[in-house]
Each structure stands twice: as C-alpha cells, then as structure tokens.
Amino acid sequence: MTLAHTLGYPRIGAGRELKKAVEAYWQGESDQATLQATGAELRARHWQAQRDAGLDFVTVGDFAFYDQVLNVSALIGAVPPRFGDVAGAIDLDTTFRMARGRAPTGTPAAACEMTKYFDTNYHYLVPELQPGQTFRVASEQLFREVDEAHGAGHPVKVALTGPLTWLWLGKEKAAAGFERLELLDGLVAVYGEILARLAGQGVEWVQLDEPALVQDLPRAWQQAYETAYNKLQSAPVKLLVASYFGELGDNLNLAAGLPVDALHVDCVRAPEQLERVLDRLPAYKILSLGAIDGRNIWRADLAALRESLATARMRLGERLWLAPSCSLLHVPVDLGAETRLDPELKRWLAFARQKLDEVATLARLLDGRGEAADHAYLQAASEALESRRQSTRIHKPAIGERLAAVSAADARRPSGYPQRARTQRARLDLPLFPTTTIGSFPQTGEIRAARRAFKRGELDAAAYEARMREEIAFAVERQQALGLDMLVHGEPERNDMVEYFGEQLDGFAFTDNGWVQSYGSRCVKPPVIFGDVSRPAAMTVRWSEYAQSLTDKPMKGMLTGPVTILQWSFVRDDQPRETSCRQIALALRDEVADLEAAGIQAIQIDEPALREGLPLRRAHWQRYLDWAVECFQLSAAVARDETQIHTHMCYSEFNDIIEAIAALDADVITIETSRSDMELLDAFQEFAYPNEIGPGVYDIHSPNIPQVDWMVQLMDKAAEKVPAERLWVNPDCGLKTRGWAEVEPALANMVEAARVLRKRH
Ligand code: GLN
Ligand code: ZN
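Counting starts from 1 at the beginning of each chain's written sequence and moves along it residue by residue. To label them, take the chains in the order written and letter them from A, then take the ligands in the order written and number them from 1. Side-chain atom pairs in this predicted model are given and counted only at pLDDT of 80 or more, local residue features only at pLDDT of at least 70, and totals for whole chains, interfaces and linings cover all residues. In computing side-chain values, all of the structure's heavy atoms are included and hydrogens and water are not.

## Focus: the environment of Val265
Our working rule: Strands are runs of DSSP state E lasting at least two residues, helices are runs of H or I lasting at least four, and both sets are numbered from the N terminus onward. Type-normalised accessible area, obtained with a 1.4 Å probe on protein chains alone, sets the label of each residue: buried when under 20%, exposed when over 50%, and partly exposed for intermediate values. Residues count as neighbours in contact if any of their non-hydrogen atoms are within 4.5 Å of one another.
In this structure, Val265 sits in strand β10 (residues 262–266). In this structure Val265 comes out as buried when scored by relative accessible area, which is 0%. Filtering out sequence-adjacent residues up to four positions away, Val265 remains in contact with Ser243, Leu248, Gln273, Val277, Leu287, Ser288, Leu289 and Gly290.

See the structure below:
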C-alpha cells in the first residue's frame, strides 16, 4: 500500500488565528496560557485535517509560534548568551526575544538575524554558531506536542530540520579560523538524544529535513552528511531524510546512500531525477515522492501523475510513499475559504487542505484501490485542467504574437550611458550630489482608513481619488520645502508595490484569504498570475502627471519591475516563468512610454526581488540572470535618451551579480548601504560600474534621526569608491513605514549633508 503523508502543514490557521493570538500576547492583551491554547487548537485542527484527508500519519514538529528553525535552536539549546539565563529550560518568551528582541518577560536584547529560507519568501531565524558551542535538550515543547497528537489517537511522524541543514543555515559568529563543521559531533549527539526520547514516546518515524542537499555542497559538507547519518543510524527510530526545492544532482549518490530508512525527493521541481533516483536507491529503502506542488497553488493533474508514477509504483511496490514536494507551509491554507474568487478560476486551484486530498487520492489510485469517489475526483481534476488549457481568459494570442516579435534592439536604450547622461544633465539641471527618495512617504492611519472605506464602498471613487491627491500635494509641498532635487509623488494610492500593479493588469487574480506566512506573525497574500498578462489601461500616469503639475522640480515616476512582480506572485505553471516575466515586462514598457509621453522626465523601476530569484544551484544562475536582465530592459529601454531610468534594490551583496546589475543599464541605481558602512559599494568599485549610484545614507528601519556629519562621512567614503559626479544622496529604501515626525528632520539633515558635500567636492 502506498503511504500518504505531508512534510508539513501551514500553522497560521485558515483565518490567521495564530497571527492574531501571537500579536495579542506580545501586546499584553492576552496571557501565555491563552496563546498556548490557541496553538494546541490549531495543531489539533491541522492533524485532524490530515486524518480526514486520509493521510497515514499526522506530522508533528512543523508547528511554531514564530519559526521552525528557531524551534530547533531552542530544542538543542543553541541560544546566544545575550538572551540571559540560557542554562535552564528555554521558554517561549526567550524564543520571542531571539526573534524580535523583546517579549512580555525577560530583558530585551538584539534580535537574531532573519533571512530567506532557500528560494522561498519564508524567513527563518539564523542560528548563531560559536567555537566550542555545546548542545543539550533544552525545550520540552516538541515532546509535549507528540503526547498531544498521541493523546488524540493519531499515528505520528515527527518532522524536524535535520542537523546538517540547521548548521548550513547558521552563521559563524566568531573571528576567522572557526569552521562550523567543528560543531557537528556535539550537534549529532544531541539529535541522537532527541531521537531516543521520541522513540521512548512511541514515535516510529522521524523526518529530518535536509534541503541543503539540493545545493552545491563543498566536499567537507558531503562527508559530514555521511558522518552524521552514520552516527544517527543507531537511533531507535526510523529516519526519513527529506530533500526538496530542487534536484539532488551531484548529491544524489550521497543522499541515496545515507544509512536511513527512507528518502524524500522533489518530483515537482525536478521530475527528471526520478529515474536516476530509482536506479540508485538501495533495495531496502523507502522512497517518498514529492509529487504534489508544495510551492504553488495549481490543482494537480492526477491522471498524468498516475501514469508517470506507475513505473515507480511497480518498481518500489510497498516501498513507495507519496507527499507534496515540500512542506505546505508555502501555500495558503484552504481554498474553501475563498468566496469571492470566481468559480472557473477556483476550479483550477488547490491550497494546502486540497493538496492533502490530492496526495491521499493519488496514493489510492496508484495502488488500484481507488473507489468511485476517487475516480470522480480524478475526473473532476482532468476536466478542470482541460478547461484551463482551453480557456480564453488565459490564452490571448495577441500577447504571444507581440512577445514573438520582440527583438534584441527592443531591450537596448537608443544610446549608451555616457551619451544619455549628457542629454539628461542638460535637461534635468541637477546639482552635484542630487538628493531624492526611494518612492513612498508615510502610509498614515488616515491613508489606510480611506483605502478601507473605499474598498468597502463607503467612499466613492471620486472621493478616494481626491483624498489621494491631497496626500500627493502634501508630499510634494513637503519635499519642496525640504529642498530635495528630484521629487516623488509618495505612493499613497498603493497598498502594496506588487498588488497595486496586479490589480490593474489582466491575467492576475486576488484571493480573500490566500495568506502565506512570511516571518513570525507576518503573512503575505501573493497575487495569482493565471493568464497571459496585459495592461488594459495606464496604471500610474494620472498620479505622476498630477504630482508633476504641482512642481517645477523633476518628478520621478514609480513602477515595480517585472522580476519583482513575478517573484512575489504565484506564477502559472503551464509556461516557463520567464515567459510570464516577459509579458509583465511588455505591460510595464507601455507604462514607461506613457509616463514619458506625459512629460515625466525620470522613471524608477524597482527590482528589490531580482537577487532572490537566483536559482539554488550556481550552474543555473546565468540563465536566470540573462532573462531577468532582459525583462528589466524590455520595460526600460523604450525610454528616450533624455528620460532618466532609475532602479532600486534593497538587499546586500552585489558581488556575485554585479555584472548583471551593470547589464540592467539603469541610469541611476539606488541601493541599501548605510548599515554596511558603504562596504557594499566595493563590488561597484571593483567592477568599475559605469553609471550613477545612490548609496543609501540612512537606515529607514530605524526611528533614529540620522545626523548630518554621519551622512557626510558616509558619502565621503562613497566618493572614494565612485566618482562624485556619479553619486546621488538618498535614504536606503522607501519611507512608508515611518511617520512624518521622523521623515522630515531626517530628510532635512540629508539635504543639509548634500549641501556640505557640494562645497567639499
Ligand atoms: N518604491 C518603493 C517604496 O519606496 C520601493 C520599496 C522597496 O524597495 N521594497 O516603497
Ligand atoms: Zn527598498
């Protein structure tokens, strides 16, 4: 019998109950017992959903009040000493302080770093690693949850981040010379203890997540996998090593050969590896196939899967398990909660709850033990798929024709940067060290209230537009008073930099409750790109035109770039990602042309997500960068020489992609640099980056007002790396999360810093 399971389930709850409970607790509006009760309730509900769907195990250990990697750090006592008494049991508030610096109890301390989990939009807390660090079982939470699930009568499989991936995700916090693999022995020993305790509780199976196996592993790390699992094989439980997010590639032999009872592989991202895995898998080992997409929201093609997995079923017999490709953490909870989504589109989708049904149904069908209901389910899936294949809402021949007609010249500005810079200088007449901002000004409570009222129908479109114009007028007036050189309209009309564009483009749909955890209590609701993308009408022109009419200073138009829109959406799976990206790029190209025709002299195309789109394997980087850069250029290159194209990126590390950044050929790039003390400019200096740069001079995440001297000093440093004629002065990022009371003095100081700099250079 093919066993059905899931690597993990979303924990936020269909109504984001976890977010609300955790935030109420942080704000002191509820106590820890209430929070714990909500946690227990959600776990019970999610386990029951897995049982109701017909899975053979419930997964325990995927729940977390903040983050599952942080939970493992607490479980193994990997808590930095700045969080106080870390020798005793690590309690919930200590984990909250690690995550956010403070909690209802305990002394505040600097939070741990947070970063993206592999190529997802989920953020984990980075384990801090020190020489000589020891590990011990330091939290009872996991064991309590196991008892809870047993108490409810469920067959349990425990899921935990594996020791090598935990270490891989960590960061060395010590002087050079310390190599984190030194910690492996102690780490494996504590995992051994945990496994023994779980066995004592009656747990038979433990899944150790090892997605690091789909990345380029140095030789020492490959060896470490062998060492670690050779030791863990004596644990009195059965181990499932789970790889996901890509193909095992050169780690295939290693993964297949680990002395554990089962291996999970991702057959959605890397279906072509199945045959090789089947060839390499030792005869004793169970293979868990990740066949249902855990990273996207499309309904599975069960008929096709039944066919393509038939060989695996035959070869493996009882040794086949089925699961989603990865934890369902990365998709929304329940399609059933969508009431406004139109029925045709809804039929094409599956969220976490539906994916459980898909897994269990597919397992039964593969075994030939499907009942009438299973065959009907498969039939319905096939019909939905057929309707999707045929739908004229998805397939717009005109868009395909336009894409096919794109030539290399369309992705190139008419002249090179030096020529453009001369034309732009003459037209814009900017001083040395021109000042600007990144786009947004404070999204005040009033702005958000107006938008809510508009969405609820309490404010009509005309009144809403008038309110937003007032906000724009206010922002323009403030910027003029501050003496900024290039102005922005302030983006009051935008709820979110992707949603705003998605709502106006054809081919996008929006859910009511399609929330996915991003970090801690933060959830995002990514748009769904379901069809060919086009732009029925101009999206930003009237706002920019109005803003420009209020001032003689140049007004920067503001767009979100094609790669970022793609990256922060659920993308259709029936054509390559790059095709969807090109379609978005062409829609934005028309917007650029319209802005230019409306007299806008500078246009910023934000691409903060360009870097996070990088594939997990280096060998695949160049291909991605080629099309990502081309898409940006397709959007931008319609602009005439005299129109200044800006871009903005707010992440660190440009070293390894500096060539691609330069290939974007934006006239100006603004980046986040203040926290790195301008060190991020080194990459630009070494590459002799030829165009203009605005290295952020202050951190917008902090409420502190930056001082003039400090910013002058930073820019002096910048001027050692980039010629002063090519430098701009601006904050690190948009100002929408700040209040005007902070923004005004901060920008006043920034403008003053630019004046000081002009005298010096
Ligand atoms: N223009 C956007 C803003 O200022 C850019 C945001 C971002 O880079 N994430 O808000
Ligand atoms: Zn930014």
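## Description of the side chain of Thr361
As for its placement among the helices and strands, Thr361 is situated in helix α14 (residues 352–367). Take Thr361: its relative accessible area is 4%, and that puts it in the buried class. Those residues within four positions of Thr361 in sequence are excluded, and the remaining contacts are Leu302, Asp374 and Tyr377.

## Considering the coordination of the zinc ion (ligand 2)
For the record, the criterion: Donor atoms: N, O and S within 2.8 Å of the metal, or within 3.2 Å for Na, K and Ca. Because water is excluded, sites can look incomplete. Under the classification used here, a metal with four donors is tetrahedral if each angle lies between 85 and 135 degrees, square planar if opposite donors are over 155 degrees apart and the others between 65 and 115, a six-donor metal meeting that same test is octahedral, and anything else is irregular.
Ligation of the zinc ion (ligand 2) by protein atoms is provided by His648 (NE2), Cys650 (SG) and Cys733 (SG), these donors lying 2.0 to 2.3 Å from the ion. The site at the zinc ion (ligand 2) holds 4 donor atoms, and with the angles between them running 90 to 123°, its shape is tetrahedral. Each donor residue of the zinc ion (ligand 2) belongs to the same chain, and together they define the spacing H-x1-C-x82-C. Residue His648 is found in strand β19 (residues 644–649), and its partner Cys733 is found in the loop between α27 (708–721) and α28 (740–760); the two are separated by 85 residues along the sequence. For His648, a relative accessible area of 3% puts it in the buried group.

## Considerations on the sheet that holds strand β21 (residues 692–695)
Worth spelling out the cut-off: One requirement defines pairing of two strands: DSSP has to find at least two bridges between them. Throughout, an axis means a line fitted to C-alpha atoms (over the contacting stretch in the case of helices), and angles, computed between N-to-C directions, take values from 0 to 180 degrees.
The parallel open sheet is built from 5 strands, whose spatial order is β17-β18-β19-β20-β21. Unpaired on one side and paired on the other, β17 (556–560) and β21 mark the two borders of the sheet. Averaged over all pairs of adjacent strands, the angle between their axes in this sheet comes to 20°, without regard to strand direction. Bridging between β19 and strand β20 (residues 668–671) involves 4 bridges; their strand directions are parallel.

## Let's talk about the layout of surface pockets
Selection criterion: Here a cavity denotes grid points, spaced 1 Å and computed from the protein atoms alone, that fit a 1.4 Å probe unable to get out, and a pocket denotes an open set having protein on both sides within 12 Å along at least 5 of 7 lines; residues with an atom within 4 Å of a point are the lining. Grid points are joined across faces, edges and corners, and a volume is the space filled by probe spheres set on the points. Each residue gets one of three labels, nonpolar for Ala, Val, Leu, Ile, Met, Phe, Trp, Tyr, Cys and Pro, charged for Asp, Glu, Lys and Arg, and polar for the others, Gly among them.
Size it by volume and the second largest pocket reaches roughly 590 Å³. Residue assignment for the lining of the second largest pocket shows that the elements contributing at least two residues are α2 (32–53), α3 (68–75), α4 (92–100), α5 (141–151), β6 (156–161) and β8 (205–209). At 6 residues, α3 tops the list of elements feeding residues into the lining of the second largest pocket. Of the residues belonging to the lining of the second largest pocket, the class tally is 21 nonpolar, 13 polar and 8 charged.

## Overview of the environment of Asn704
Among the secondary structure elements, Asn704 is positioned in the loop between β21 and α27. A relative accessible area of 58% means that Asn704 is categorised as exposed. It is 39 Å that separates the C-alpha atoms of Asn704 and Asp594, two residues lying 110 residues apart in sequence.

## Remarks on the site of ligand 1
For the record, the criterion: A cutoff of 4 Å decides nearness: a residue is near a molecule or strand if any of its heavy atoms lies inside that distance of it. The term polar contact refers here to a pair of N or O atoms within 3.5 Å; inside protein, the definition further demands a hydrogen-donor-capable atom paired with an acceptor-capable atom, and it admits residues adjacent in sequence only when both atoms are side-chain atoms. Accessible areas in this description were obtained via Shrake-Rupley with a 1.4 Å probe; residue shielding takes into account the shown protein chains only.
Neighbouring residues of ligand 1: Ile438, Gly439, Ser440, Glu491, Met497, Met558, Asp606, Pro608, His648, Cys650, Cys733 and Gly734. Note that a nitrogen atom of ligand 1 is positioned 3.2 Å from one of the backbone N or O atoms of Ile438. A total of 300 Å² of accessible area belongs to ligand 1 in isolation, and the protein chains cover 91% of it. Classifying every residue of the shell around ligand 1 gives 6 nonpolar, 4 polar and 2 charged.

## Structural notes on the UniProt feature "binding site: Zn(2+)" (unreviewed entry) in the protein chain
Definition in use: UniProt positions are given in the numbering used here, feature names are shortened, and annotations may be inferred rather than shown by experiment.
UniProt's feature table lists "binding site: Zn(2+)" (unreviewed entry) at His648, Cys650, Glu672 and Cys733, given in the numbering used throughout. These residues run over 86 residues, yet every pair of their C-alpha atoms falls within 8.7 Å of each other. Setting aside residues up to four positions removed in sequence, His648 forms contacts with Ile438, Gln604, Ile605, Asp606, Glu607, Pro608, Thr670, Ile671, Asp732 and Cys733. Other than its neighbours up to four places away in sequence, Cys733 contacts Ile438, His648, Cys650 and Ile700.

## Points about the pairing of strand β16 (residues 528–534)
Of all 7 residues that make up β16, 6 are buried, and the element is covered over most of its length. Bridge count between strand β13 (residues 506–509) and β16: 3 bridges; the pairing is antiparallel. Across the sheet, residue Asp506 finds its bridge partner in β16, namely Ser534.

## Regarding the packing of aromatic side chains
How we decide: In this analysis, rings of Phe, Tyr and Trp, with Trp reduced to its six-membered ring, are considered paired at centre separations within 6.5 Å, and the interplanar angle assigns stacked below 30 degrees, edge-to-face beyond 60, and tilted for intermediate values.
All chains considered together, the criterion is met by 22 aromatic pairs. Centroid distance Phe474 to Trp740: 5.1 Å. Interplanar angle 85°. Geometry classified as edge-to-face. Of this pair, Phe474 sits in helix α19 (residues 461–482) while Trp740 sits in helix α28, and the two are 266 residues apart along the sequence. Given the relative accessible area of 33%, Phe474 is considered partly exposed.

## Observations concerning the packing of α19 against α28
Using the following cut-off: It is the rotation of the near helix from the far one that decides the hand of a crossing: anticlockwise by less than a right angle makes it left-handed, clockwise makes it right-handed.
At a minimum axis distance of 10 Å, the contact between α19 and α28 shows a crossing angle of 35°. Seen from above, α19 lies across α28 with right-handed handedness. Residues Phe474, Ala475, Arg478 and Leu482 of α19 pack against Trp740, Glu744, Leu747, Ala748, Val751 and Arg755 of α28. Across the contact of α19 with α28, the residue classes break down as 7 nonpolar, no polar and 3 charged.

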